[in-house]
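Commentary on secondary and tertiary structure
This is what each chain is made of:
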Amino acid sequence: MLKDAIPLDKLHRVLVVKLRHHGDVLLSSPVFSVLKAHAPHVNIDALVYADTVDMLSLHPAIDQVHVIDRRWKERGPWSHVSAELQLLRTLRARHYDLVVHLTNHPRGAWIARCCGARWSVAPRTGERGLWWQNAFSHFYPTPRHALRHTVELNLDALRRLGIQPPPDSRRLSLVPGTAAEARVDGLLQAHGLSGQSFIHLHPASRWFFKCWTDDNMAALVDRLHAAGHAVVLTAAPDAEERRMIDAIQAKVARPAFSLAGQLSLKELAAVAARARLFIGVDSAPMHIAAAVGTPVVALFGPSGDKEWGPWGVPHRVVASTTHPCRPCGLDGCAGSKISDCLMSLPLEQVWLAVEELLPA
């Protein structure tokens, strides 16, 4: 036992802070489940960016989700400051006993100080100096080159407090909600589809250097159709993602069912939950599919599958075996936005992964 482990019976309210993108926020969901399992009497809140709130809303272990809207800056300096101060007042009024900060975002130190929590934990970083070191009561190490999944790195914050997460409590959690499920059921029925009768293919990522070629995606759709599988394509409303879907649809022998640009994040989760298999690249939708329990084939290029691969479901990671430079973490080779390790990934390698997860 740690000498400075926190006494769970002294906790009443906990705030977990995760200020990152959608997939990163979703990968923090086991932190809430583990906390609730160890201290069921505790009220647990989350603080995230407003655009990522759907990753944690309806989580059974979370009482409130507080948000920081990055658009506050667009309102002008006085309105921005007013919104920030109101958030701090709201958080302070909750009287948190513990603040769990899961990144090295400097805002976490301000929040920990403002809340006046008896205990607080954050990553140990020398970059922030004494101001950071004096803001928290506990620190956990984050090795620069640790080949551990991000879920485990998030859970290290709890381990540092003396909370050991059992393996069966580390699953991702995302609840689509009844409204999202009802709308998706209607959309699928309109296409003559039902649960477990289709393959969910999400070709895009917000970072296009993580994407496979349109030609290969189209060839994969044709191969799936030839094998007797229905395919549902999804993408964000973003114009570039819609362009990618249009390009794929223009190249296939028979168009797939497309819900591109028509779904909220909760509805995207409902689609993934009803699919036999999800196929996509390293992206938030890939993590969403894993969170709802759907088997995943994930294509990886410059990003690290050890840290960011599908979590907690049957899966296959497809990555180049001929590029010793990956994962490099760069936005394409030499920052070109084009990743050779993905561009050269052969269709047969992806198809083999699909067949392994969908035995005849």
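Reference entry: report on the structure contained in this document.

Scoring rules and cut-offs
Residues numbered from 1 in each chain as written. Predicted model: local features only at pLDDT ≥ 70, side-chain atom pairs only at ≥ 80, totals over all residues. Heavy atoms only, no water. Helix = DSSP H or I, 4+ residues; strand = E, 2+ residues; numbered from the N terminus. Contact = heavy atoms within 4.5 Å. Buried < 20%, exposed > 50% of the residue type's maximum accessible area, 1.4 Å probe, protein only. Pairing = 2+ DSSP bridges. Right-handed = clockwise from strand over helix to strand, strands pointing away. Core = buried A, V, L, I, M, F, W, Y, C linked by side-chain atoms within 4.5 Å. Axes fitted to C-alpha atoms, helices over the stretch in contact; angles between N-to-C directions. Parallel < 35°, antiparallel > 145°, perpendicular 65-115°, else oblique. Left-handed = near helix turned anticlockwise from the far one by under 90°. Nonpolar A, V, L, I, M, F, W, Y, C, P; charged D, E, K, R; others polar.

On to the side chain of H225. Secondary-structure assignment places H225 in helix α8 (residues 214-226). Those residues within four positions of H225 in sequence are excluded, and the remaining contacts are V231, R254, P255 and A256.

On to the pairing of strand β11 (residues 296-300), then. Burial analysis of β11 places five of its five residues in the buried class, which makes it a mostly covered element. The alternating pattern of β11 places V296, A298 and F300 on one face and V297 and L299 on the opposite face, and all of these are buried. In terms of strand pairing, strand β10 (residues 277-281) meets β11 through four bridges, oriented parallel. Following the sheet pairing, G280 is matched in β11 by A298. Read as a crossover between parallel neighbours, the route from β10 over helix α11 (residues 284-291) to β11 is right-handed. Pairing between β11 and strand β12 (residues 315-319): five bridges, direction parallel. If you follow F300 over to β12, its bridge partner there is A319.

Ranked by size, the top nonpolar core spans 62 residues in total, and within it V14, V16, F32, L35, L98, V100 and F198 carry the most contacts. What V14 contacts, discounting residues up to four positions off in sequence, is L35, V42, N43, I44, D45, Y96, L98 and V100.

Remember that side chains alternate between the two faces of the sheet whenever the strand is regular. By the alternation rule, side chains of strand β8 (residues 230-233) split into A230 and V232 and V231 and L233, which are all buried. Examined bridge by bridge, strand β7 (residues 198-202) and β8 share four bridges and lie parallel to one another. Note that in β8 the partner of I199 across the bridge is V231. Following the chain from β7 across α8 to the adjacent parallel β8, one finds a crossover that is right-handed. Of the pairings in the sheet, the one linking β8 to strand β9 (residues 257-258) comprises two bridges and is parallel in character. Among the inter-strand pairings, V232 is bridged to a residue of β9, identified as F257.

Spatially, the six strands line up as an open sheet ordered β3-β2-β1-β4-β5-β6, and their pairing is parallel. If you trace the sheet from one side to the other, it starts and ends with β3 (64-68) and β6 (138-140), each paired once. Adjacent strand axes in the sheet meet at a mean angle of 20°, parallel and antiparallel pairs treated alike. The sheet contact formed by strand β5 (residues 119-123) and β6 spans three bridges and is parallel. Opposite P123, over in β6, you have Y140 as the bridge partner. Strands β1 (13-17) and β2 (43-49) of the sheet are contacted by helix α2 (residues 29-38), whose axis makes an angle of about 170° with β2. Packed onto the sheet, helix α6 (residues 150-160) meets β4 (98-101), β5 and β6 and runs at close to 145° relative to β6.

Turning to the sheet that holds β10, a few remarks are in order. Pairing is parallel in the open sheet, where six strands are placed in the order β9-β8-β7-β10-β11-β12. If you trace the sheet from one side to the other, it starts and ends with β9 and β12, each paired once. Packing of α11 onto the sheet brings it into contact with β7, β10 and β11, and relative to β11 it is tilted by some 155°.

Next up on the list: the packing of helix α10 (residues 265-273) against α11. With their axes 9 Å apart at the nearest point, α10 and α11 run at an angle of 55° to one another. Classified by the interaxial angle, the pair formed by α10 and α11 is oblique. Regarding α10 and α11, the two cross each other, and that crossing is right-handed. Between α10, through L265, L268, A269 and A272, and α11, the contact on the second element is made entirely by P285, I288 and A289. For the contact of α10 with α11, the class distribution of residues is seven nonpolar, no polar and no charged.

Right, let's get into the environment of P324. With respect to the helices and strands, P324 occurs in the loop between β12 and α13 (340-343). Residue P324 is classed as exposed on the basis of its relative accessible area of 82%. With 139 residues separating them along the chain, P324 and D185 place their C-alpha atoms 44 Å apart.

What follows concerns the packing of α2 against α6. For the pair α2 and α6, the least separation of the axes is 9 Å and the interaxial angle reads 35°. Crossing handedness for the pair α2 and α6: right-handed. Contact residues: α2 offers P30, V31, V34 and L35, while α6 offers V151, N154, L155 and L158. Here the residues of the contact of α2 with α6 sort into seven nonpolar, one polar and no charged.

As a further point, take the environment of E181. Along the chain, E181 falls in helix α7 (residues 178-190). Note on E181: relative accessible area 28%, which makes it partly exposed. Sequence spacing of E181 and K266 is 85 residues, and the spatial spacing of their C-alpha atoms is 8.3 Å. Aside from chain neighbours lying at most four places away, what touches E181 is P176, A270 and R274.

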